[in-house]
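Examination of the molecular architecture
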Amino acid sequence: MSLRIVVTVKYVPDATGDRHFADDLTVDRDDVDGLLSELDEYAVEQALQIAEAADGAEVTVLTVGPEDAKDALRKALSMGADKAIHVEDDDLHGTDAIGTSLVLAKAIEKAGFDLVVSGMASTDGTMGVVPALVAERLGVPQVTLLSQVSVEDGTVRGRRDGDAASEQVEAALPAVVSVTDQSGEARYPSFKGIMAAKKKPVTSWDLEDLEIEADEVGLDGAWTKVESATARPPRTAGTVVKDEGEGGRQLAEFLAGRKFV
């Protein structure tokens, strides 16, 4: 049987946009453009490389999110993934990492898998715990934060780089891995890939399809939530030093006064 790879991806607000909280203190996703999380692009790339090295492997991309999250799936499909799964349900609004891991695990089980590949973290929440939570729910080994990954003879192997040393780690399939932004640049979708992505299947599931109760997810079922938030104060004008012969001295006094020198 061919290797079944599932890549978990997330549709996130553009980091260059004006991001803020909605009235319920969840991220306001309506007033800012969204895109495929950059860190998840590395996961898609590594999954595609593994599939290319394994004859007949299949890559499925999976996301949980609103209707617009399909844009993230289309980007991954245009990079070369074979098919996609979109989990969408109004009751998912406000779901935290614990609830998200439940939904992902149920969807992965329903889809069938040998290897799950995730990015090291999302660029909005940046928690980095979802891969480990998914592995625990699936009851399979986790090999996380890899800067190099490969699969051979039913075993996934990789290198984890730390501050003081690099570790060579491995696990028997089925398994969950996460990759870092040092794992290799993600490929840019070609025009042919973009056109082909329009014809690739995207399956839609809701909570009922995954046999998940509404009170297990969403803001009311979240284990963590934002209690309060204060907008960052606007940036004030800085001190301008005009060089009329004394600019160097004024700059030195300014820095010394603030103990920068």
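Cut-off values and rules
- Residues numbered from 1 in each chain as written.
- Predicted model: local features only at pLDDT ≥ 70, side-chain atom pairs only at ≥ 80, totals over all residues.
- Heavy atoms only, no water.
- Buried < 20%, exposed > 50% of the residue type's maximum accessible area, 1.4 Å probe, protein only.
- Helix = DSSP H or I, 4+ residues; strand = E, 2+ residues; numbered from the N terminus.
- Arc of directions from axis to C-beta.
- Contact = heavy atoms within 4.5 Å.
- Axes fitted to C-alpha atoms, helices over the stretch in contact; angles between N-to-C directions.
- Parallel < 35°, antiparallel > 145°, perpendicular 65-115°, else oblique.
- Left-handed = near helix turned anticlockwise from the far one by under 90°.
- Nonpolar A, V, L, I, M, F, W, Y, C, P; charged D, E, K, R; others polar.
- Salt bridge = Lys/Arg side-chain N within 4 Å of Asp/Glu carboxyl O.
- pLDDT = per-residue confidence, 0-100.
- Phe/Tyr/Trp six-rings, centres within 6.5 Å; stacked < 30°, edge-to-face > 60°.
- Lys NZ or Arg CZ within 6 Å of the ring centre and 35° of its normal.
- Patch = residues over 30% accessible without salt bridge, like charges linked within 9 Å, V, L, I, M, F, W, Y side chains within 5 Å.
- Areas by Shrake-Rupley, 256 points an atom, 1.4 Å probe, with all protein chains shown as cover.
- Pairing = 2+ DSSP bridges.

Next up on the list: helix H4 (residues 130–138). Restricting attention to buried positions, one finds in H4 the residues Pro131, Val134, Ala135 and Leu138. One face of H4 carries all of its buried residues, which in axial projection span an arc of 100°. On its buried face, H4 sits against helix H3 (97–111), strand S6 (115–119), strand S7 (142–146) and strand S11 (175–179). At the C-terminal side of H4, Gly139 shows a positive phi close to 70°.

It is at 9 Å that the axes of H3 and H4 come closest, and there the two elements cross at 50°. As the angle between them shows, H3 and H4 are arranged oblique. The handedness of the crossing between H3 and H4 comes out as right-handed. Facing H3, whose interface residues are Ala97, Ile98, Ser101, Leu102, Leu104, Ala105, Ile108 and Glu109, H4 presents Val130, Leu133, Val134, Arg137 and Leu138. Within the contact of H3 with H4, the residues separate by chemical class into ten nonpolar, one polar and two charged.

Bringing unusual backbone geometry into the picture now. A cis geometry characterises the amide bond from Leu173 onward to Pro174, with omega recorded as 0°. In this structure, Pro174 sits in the loop between strand S10 (166–172) and S11. Positive phi is not limited to glycine here, since Asp153 has a value of about 55°. Relative to the helices and strands, Asp153 is located in the loop between strand S8 (148–152) and strand S9 (155–161). For Lys259, which is not a glycine, the phi torsion comes out positive at approximately 60°.

Moving on to the pattern of salt bridges. Between side chains of opposite charge, a pair can form as their charged atoms come close. Applying the stated rule across the entire model yields eleven salt bridges. For Lys10, the salt bridge identified is with Asp124, shortest N-O distance 3.1 Å. Of this pair, Lys10 sits in the loop between strand S1 (4–8) and strand S2 (11–13) while Asp124 sits in the loop between S6 and H4, placing them 114 residues apart in sequence. A salt bridge links Arg187 to Glu52, with the nearest nitrogen and oxygen atoms 2.8 Å apart.

A word on the confidence of the model for the chain. The predicted model of the chain has a mean per-residue pLDDT of 91, with 99% of residues at 70 or higher. When pLDDT is averaged over each element of the chain, strand S5 (residues 83–87) comes out on top at 98 and helix H6 (residues 247–257) at the bottom at 85.

A separate point is the packing of aromatic side chains. Overall, the coordinates contain zero aromatic pairs when judged by the stated rule. Positioned over the ring face of Trp205 is Lys110, at 5.3 Å from the centre of the ring.

Quick look at a nonpolar patch on the surface now. A surface patch of nonpolar side chains, amounting to about 210 Å² of accessible area, comprises Phe21, Val27 and Val226. One can find Val226 in the loop between strand S12 (202–205) and H6.

So, on to the sheet that holds S5. Ordered in space as S7-S11-S6-S1-S4-S5-S12, the seven strands form an open sheet in which the pairing is parallel. Looking along the sheet, the strands with just one partner apiece sit at the ends: S7 and S12. For this sheet, the mean inter-axis angle between neighbouring strands, taken without regard to orientation, is 20°. Across four bridges, S5 lies against S12 in parallel orientation. Looking at S12, one finds that Ala84 is bridged to Val202.

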